[in-house]
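Residue-level structural notes
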Amino acid sequence: MTIARYLLLLALCPLVGGIARAQDHPVNYDEAKVPAFDLPDPLVMEDGTPVETPEQWRKHRRPELLRLFEEHVYGRTPKRSVEVSARMINECIAFGGLALRREFDLSVAGKSDGPIRLLIYSPRAVEGPAPAFLALNFMGNHSIQPDPEITLSTQWIGSRAGHGIEKNRATEASRGRLSARWPVERILARGYAVVTVYYGDIDPDFDDGFANGVHPALDPEGGGERKPNEWGSIGAWAWGLSRALDFLVEDEWVDASRVALLGHSRLGKTALWAGATDERFALVISNNSGCGGAALSRRCFGETVARINRVFPHWFCERFRSYNNQESRLPVDQHQLIALIAPRPVLICSAEEDRWADPLGELLAARAAAPVFRFLDSASLVHRLRPGKHDVTDEDWTAYLEFADREM
Ligand code: GCU
């Protein structure tokens, strides 16, 4: 390369970076700079007609809102049904007799990168099928407990999700690594089963043009240009949660009518979307889900629509990008996602230091969703703020268990 070309490249580099970054504004953590906004009313139809009866909500407004979230935010989950078959991998007694621990593979016809592996702990002391917590995990099923018998994930694991300790494939280094977030024994002793799936089994979390995971199995045949409303990874992860629930419906150890769906961070966004799309989930808990989850997009506080679409272009549908730096044009905001779960119980958990996820935006979303819960005669929407950082703590579990005891 000639010196002149090298200098030209050097000169262009900051420009290229500048152009990429000019798409999103600097991160705002200043309440004084939060723009003034009006939220779309969950109880008024798109054409301005107020929703007057619970029946109108069910028949008209709820489907309308679901469609708006599909068209503008998460994309449409393909209606196509695919064959999913289950096979047991192992079964044993765990925690000194407290639980039965089993693993199952859900094989999805047309998915070529491996099955979706379910890990289930069920309490043996509970008579009949037990209520359960169902949650996706970030690093493989083996990461939730230091138990050498849990199969090591063979799927792609991102170093981001893997907390930098592994690159692309799981090793023994991550066995039990996330156990602080999964107090399984305590949950079992309280009478609940624990069901988990590694989210990368459903769709590996990187932007590969939707060639891997469940997308090829469900997307329209023939490929071609992606439509602006085609689903992304959050839609796929939510679909996987529904398939896990299908499995539980047939399982004698778990009561599928009492499944609390829980998710942290990107998986909290997923839990809310899955809870909205699949009414069989009895209760939903979003932990620190932030932008695209429980936080209002219009506040532009912490992570914004533009930033999330730039860094994670595969999470949402393409049309969501047209709202980058234009949040007020969105026909929906995230309070309406929470409202879609009503009258089923919802717990929104925020952490004071997790400003990236905008704890106040999560509180305001819960507040703006509350009229729908009241309208449907439900008092089961709670927002909870704890001190500390972006995480799932023992104290959070105290709140989840109390909420589930009371509401489910
Ligand atoms: C990033 C991302 C968030 C997401 C989080 C996570 O911080 O910006 O939107 O919630 O990752 O899932 O860990």
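Predicted model only: the values in this text are computed from it and were never measured. (Residues numbered from 1 in each chain as written. Predicted model: local features only at pLDDT ≥ 70, side-chain atom pairs only at ≥ 80, totals over all residues. Heavy atoms only, no water.)

The next thing to look at is the confidence of the model for the protein. Atom-level detail of predicted coordinates should not be read off regions where pLDDT is low. Residues of the protein with pLDDT of at least 70 account for 93%, and the chain-wide mean is 93. Counting contacts from residues 1-20, a segment whose pLDDT is below 50, to residues more than four positions away or on other chains yields three contacts. (pLDDT = per-residue confidence, 0-100. Contact = heavy atoms within 4.5 Å.)

It is worth spelling out the site of the ligand at this point. Lining the immediate environment of the ligand, one finds Ser265, Arg266, Lys269, Glu303, Ile308, Phe312, Trp315 and Trp356. Contacts to the ligand include Ser265, whose side-chain N or O atom sits 2.8 Å from an oxygen atom. Here an oxygen atom of the ligand sits 2.5 Å away from a polar atom, N or O, in the side chain of Glu303. Compared with its free state, where it exposes 320 Å², the ligand has 84% of that area covered by protein. Here the shell around the ligand is built from residues that sort into four nonpolar, one polar and three charged. (Near = heavy atom within 4 Å. Polar contact = N/O pair within 3.5 Å; in protein donor to acceptor, adjacent residues only side chain to side chain. Areas by Shrake-Rupley, 256 points an atom, 1.4 Å probe, with all protein chains shown as cover. Nonpolar A, V, L, I, M, F, W, Y, C, P; charged D, E, K, R; others polar.)

Here we take up the sheet that holds strand S2 (residues 99-108). Across the sheet, which stays open at both edges, the nine strands sit in the order S1-S2-S3-S7-S4-S8-S9-S10-S11 with mixed pairing between neighbours. This sheet does not close on itself; its edge strands, each paired only once, are strand S1 (84-94) and strand S11 (381-386). For this sheet, the mean angle separating the axes of adjacent strands, direction not counted, is 20°. The pairing of S1 with S2 spans 10 bridges and is classified as antiparallel. Residue pairing for S2: Met88 is matched across the bridge by Phe104. The strands that helix H6 (residues 233-250) touches are S1, S2, strand S3 (116-123), strand S4 (130-137), strand S7 (193-198) and strand S8 (254-264); relative to S8, the one it contacts most, it runs at about 155°. (Pairing = 2+ DSSP bridges. Helix = DSSP H or I, 4+ residues; strand = E, 2+ residues; numbered from the N terminus. Axes fitted to C-alpha atoms, helices over the stretch in contact; angles between N-to-C directions.)

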